[in-house]
Amino acid sequence: MIGQSMTRIDALGKVTGETPYPGDINLEGQLWLKMRFSDRAHARITAIDTSQAEALPGVVAVFTAKDVPVNEYGLVIKDQPVICGPGSDMPGSDIVRTYMDCVAVVVAETDAIAAKAVKLIDVTYEDLPAVFDMEAAMEDDAPQLHADSPNNIICHYRIRKGDMEAGWSQADVVVEGVYETGYQEHAYLQPEAGLGYIDEEGRVTVIVGGQWVHEDQEQIYHALGLPPEQVRVIYPAIGGAFGGREDMSVQIVLALAAWKLQRPVKTIWSREESILHHHKRHPMRIYSKWGATKDGKIVAAEAKVIGDAGAYNYTSNKVLGNTNLMVTGPYEIDNVHVDTYGVYTNNIPCGAFRGFGGPQGAFAAEAQMNKLAEALGMDPVEVRMKNVLREGSLLTVGTPLPKGVTIPQVVEACAEESYWRRGDGAWHLNRPPQPDNPALRRGIGFACGFKNVGFSFGFPEQNWATIELHGGAEIEEVIVRQAGADVGQGAHTVFVQMTAEAVGVPVEKVRLLTHDTAKTQTSGSSSASRMTFMSGNAIRGAAQQALQLWQDEERPAIATYQYKPPKTTPYHPETGESEPNFAYGYVAEAVEVEVDIETGHIHVIKVVCANDVGVAINPQQITGQIEGAIVQAQGYAIMEHLISNEGKIQNPFLSTYLIPTVLDVPTEVKSVVLELADPRGPWGARGMAEMPFIPLAPAITAAVHDATGVWFDEIPMTPDRVVTKLREHGIGIL
Amino acid sequence: MSMRPANFDYQRPTSLSEAIQLLANNDEAKALAGGHSLIPAMNQRLSTPEQLVDIGRLDELKGISTNNGTLSIGALSTHAQIAASSDVRTHCAALATATGLVGDPQVRNWGTLGGNLAHADPASDPPTVVLAAGGTLHLQGPNGTRSVSADNFFIDLFTTDLQPGELITRIEIPSLQGKKNAYVKLAHPASRYAIVGVCVVLEMNGNECVSARVAVGGATPKATRSPSAEERLTGSSLQVAAVDAAAEALVNDIAGDVMGDLFAPEDYRRAMAGVYLKRAVQAAMA
């Protein structure tokens, strides 16, 4: 079963339209909920008058801060009020800190009435000074957003390795850059939607799309002040996530309304509401300085990373932790000095998004590497091979990587399968010819990357699975209970494949129970490229025990297994020393672009992606992940420009926030799938879903540099930015 | 955002004169042809006419023909019909190109040239071509018929010389057969509207350009000619320096009028107007 491109178990229902997504589900007697959001970036709400909304015929209830039993939530730090406004006993919850704060919730007989009623709510604001630039927010005189975070600093990580002075003194060349990365919107197909109701056992139940049913359940019961068993979360089909459904959107208010009213309550966000009111990928500013000897060995790397968390933490302290580790790339460097800050501002909150801090770190690291290659007159593949992490290499945090370090093989495979040839003991680039049209310039770029699989830095990591073997003389049915979210990546198909393999039955005998806190135990989130790795180990453990029971004649044979990977540790506060992760994925990409130097358009002609997946449990899904990640990363690098003006998003529509369509995707994507087993992975599998995203942006900037001679240290490289920068260098139109 | 229009009355006259009468009788009435500008505006409540006068089935406003080489295009001709017309391809290839680049197939199959010109959307393609080609618009209203050159027809953003109750009946374009002409555009990736569109019409005598007409749209509030660019091209052999000079002249001519948005700020559009002039000349001479 492992290694087969089995047809997805959800394919038929999805392509025929029979499978319901959260917005498709209705219950008799349901009411409609609409959220009213803040009209200010930073203000104290001194009064809120809901009387006109309540008087509107068809309005059933209006909830404000005073109605939320425990008015706080947050995935890592509970720093955000469920509803902002007066009347709550939670300190600071009368303040809005961003335009996406909720200030009231209306429940009405119809969606239209609810939409009309939210506009009738009169909110009185007393403006507070606001801060929108992440570095300005760190100044002593900046407005403070949260009492317990002086200078708005959520986290400050340090890495101190070796002796910087000694490092710089060995350096023959030094390269520097200030790198700026932009927001990115998840733009999943299905905007937020859900339905809250009281189930047959009296539990407040929320049907919604998410990434971790048990975490949603925890956020809800905490805010409602209920015992865990009183709250149930169910996911139907989920229309994409990419990290954007890790944090709460409609979950708590739906549960609150359903609980208070004891009636079903439904809501569906528009695309505009979705873009305006869920978190984004962090914009980061990265100052980086690297030195190398003339034979290409990096001897010193220094970086300062600042990430704009927006008004609430979400997962910012975790995201910045990743960037701190990845901003010096997958290289063994003896002397390293990194400071990384996550900072509160009055902008939209930022959080998880495919790559989780990795892409920003890689953008700076790989650009630095490519600049070093240029400064040294050395091939970019060659210089990487002199520095990449190898088996036994020490990370910047002073500890070795887990066994199975395959970045050298990945880099070489990518080079060989793209534009490089090995000869005379070194790597050489073979450039394709330039087009005849002088306005069009082609170039080749290379970048590589690594990222953790699974939760990092001491965060509790585990995954539960239950296997039930039913039958008499032989196993007739296998029930696997595994909560892991299938956000569209195909996790559930892989659960079935792995269960069939572990038990030794055909996939037709396997039935999956999932996506329901009432029927499963926690499996952690579908994030951090971890679900195949974690669930596979749990399923394998449960299957082994169940098969033993089956041999012992138990009918049915039922076993539950909790997989716990080796423990990780947090950064040492002064040196950063730690065992950050228990598993990694490795990736490299070569890109060919064509730049129209007059219009600033960048066309990605070809991407070659070499990704070590350990073992491809479902090869078709692997290439699907690679192609999807590349298109999404291409959007990040070139097209997707979310514009925020004093905390207010200016382009909350897919007509103005442009994502790649079929007209924009690369002409060719070549997936080079390596299967170099991870000793800890189930059947050797590694996580892979984020990897192909990570090096693409710096590979594109390298290719654009190859084409034009100009370094772009800021993304997205929208046409007007490209034209402006090229003109500064006397290229294109003058 | 509302996605339904306000209430309105609907009339479908059977003759042009009846249509004009209906429009003349009601200041709050609007003519409906293909509906691909009006209906979206109504759905967003940007336009709330009391009455729609559906002229879409009036045969008097249909058909494409030539008369002594002059193209005559009925106002109700759809973009798709114009793009596919061999007469248009022969006599005004740039218009065939431009109408073929409007919106998407659904828009091209419903949207009409007359409706498009009357709407005068600055980001639209056909006005730029009709202007560069030296077209004439034939109008009919309660006070009879008249004709207006494209040079005088487009007044400002969504504003034309059309008077209350007047309709465009047909558009005449002198044959450009023998002249080099082309329309090129930089389209917004989502809407496909022109960020910049440029049309050139070049009369060549051997290697020498003896007359030139240049119009730009998209970047400016209305389709706009560039006399300075025309001057630079006229008398030249379209060598690189002359075309570069024309591009610079075009940019200077429109400099104060350029509009910008989040995707394509003013500076970018201004620069692109020059680039697309060069590309239009290249396309015309190809």
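Residues numbered from 1 in each chain as written. Chains lettered and ligands numbered in written order. Predicted model: local features only at pLDDT ≥ 70, side-chain atom pairs only at ≥ 80, totals over all residues. Heavy atoms only, no water.

### A few points about the overall build of chain B
Point 1. Scanning chain B from terminus to terminus reveals 12 helices and 14 strands.
Point 2. Taking 2.2 N^0.38 as the reference for a compact globule, 286 residues should give roughly 19 Å; the C-alpha atoms of chain B span a radius of gyration of 19 Å, in line with that estimate.
Point 3. In terms of principal-axis extent, the alpha carbons of chain B reach across some 60 × 45 × 30 Å.
Point 4. In chain B, 60% of the contacts between residues at least 6 apart in sequence involve partners at least 24 apart.
Point 5. As displayed, chain B has an accessible area near 12400 Å², and 45% of this comes from carbon and sulfur atoms. (Helix = DSSP H or I, 4+ residues; strand = E, 2+ residues; numbered from the N terminus. Rg over C-alpha atoms; globule rule 2.2 N^0.38 Å. Contact = heavy atoms within 4.5 Å. Areas by Shrake-Rupley, 256 points an atom, 1.4 Å probe, with all protein chains shown as cover.)

### Considering helix H6 (residues 251–261) of chain A
All names here are of chain A.
Point 1. With 8 of its 11 residues buried, H6 lies for the most part within the structure.
Point 2. Buried within H6 we find Gln251, Ile252, Val253, Leu254, Ala255, Leu256, Ala257 and Ala258.
Point 3. At the exit of H6 stands glutamine 262, carrying a positive phi of roughly 55°. (Buried < 20%, exposed > 50% of the residue type's maximum accessible area, 1.4 Å probe, protein only.)

### Details of the domain arrangement of chain B
Residues and elements named next belong to chain B.
Point 1. Domain parsing of chain B yields domain 1 (9–54), domain 2 (59–174) and domain 3 (180–285).
Point 2. The centre of domain 2, based on its C-alpha atoms, is set 20 Å off from the matching centre of domain 3.
Point 3. On the side of domain 3, 23 residues touch domain 2, which itself brings 24 residues to the contact.
Point 4. On the domain 2 side of the contact with domain 3, Pro122, Thr128 and Ala132 bury the most area, a combined 28% of that side's loss.
Point 5. The tally of links from domain 2 across to domain 3 stands at 3 salt bridges.
Point 6. One salt bridge connects aspartate 151 with arginine 225, and the closest N-O pair in it is separated by 3.2 Å. (Domains from an automatic or database assignment. Buried area = accessible area lost by both parts, 1.4 Å probe. Salt bridge = Lys/Arg side-chain N within 4 Å of Asp/Glu carboxyl O.)

### Some words on the domain arrangement of chain A
Residues and elements named next belong to chain A.
Point 1. Domains assigned within chain A are domain 1 (12–128 + 192–268), domain 2 (284–390 + 402–456 + 573–728) and domain 3 (462–563).
Point 2. Distance between the C-alpha centres of domain 1 and domain 2: 37 Å.
Point 3. Between domain 1 and domain 2, the residue contacts involve 22 residues of the former and 22 residues of the latter.
Point 4. On the domain 1 side of the interface with domain 2, the three residues burying the most area are Val76, Tyr99 and Phe242, jointly 31% of the side's total.
Point 5. Counting across the interface, domain 1 meets domain 2 through 8 residue pairs in polar contact (both at pLDDT 80 or more).
Point 6. When the residues that make up the side of domain 1 that touches domain 2 are grouped by side-chain class, the tally is 12 nonpolar, 5 polar and 5 charged. (Polar contact = N/O pair within 3.5 Å; in protein donor to acceptor, adjacent residues only side chain to side chain. Nonpolar A, V, L, I, M, F, W, Y, C, P; charged D, E, K, R; others polar.)

### Some words on the sheet that holds strand S7 (residues 153–161) of chain A
Residues and elements named next belong to chain A.
Point 1. Ordered by their spatial adjacency, 5 strands build an open sheet running S7-S15-S14-S13-S8, and the pairing between neighbours is mixed. The sheet is open, and its two edges are formed by S7 and strand S8 (173–181), each paired on a single side. Adjacent strand axes in the sheet meet at a mean angle of 5°, parallel and antiparallel pairs treated alike.
Point 2. Note: strand S14 (residues 298–310) against strand S15 (residues 336–344), 9 bridges, orientation parallel. (Pairing = 2+ DSSP bridges. Axes fitted to C-alpha atoms, helices over the stretch in contact; angles between N-to-C directions.)

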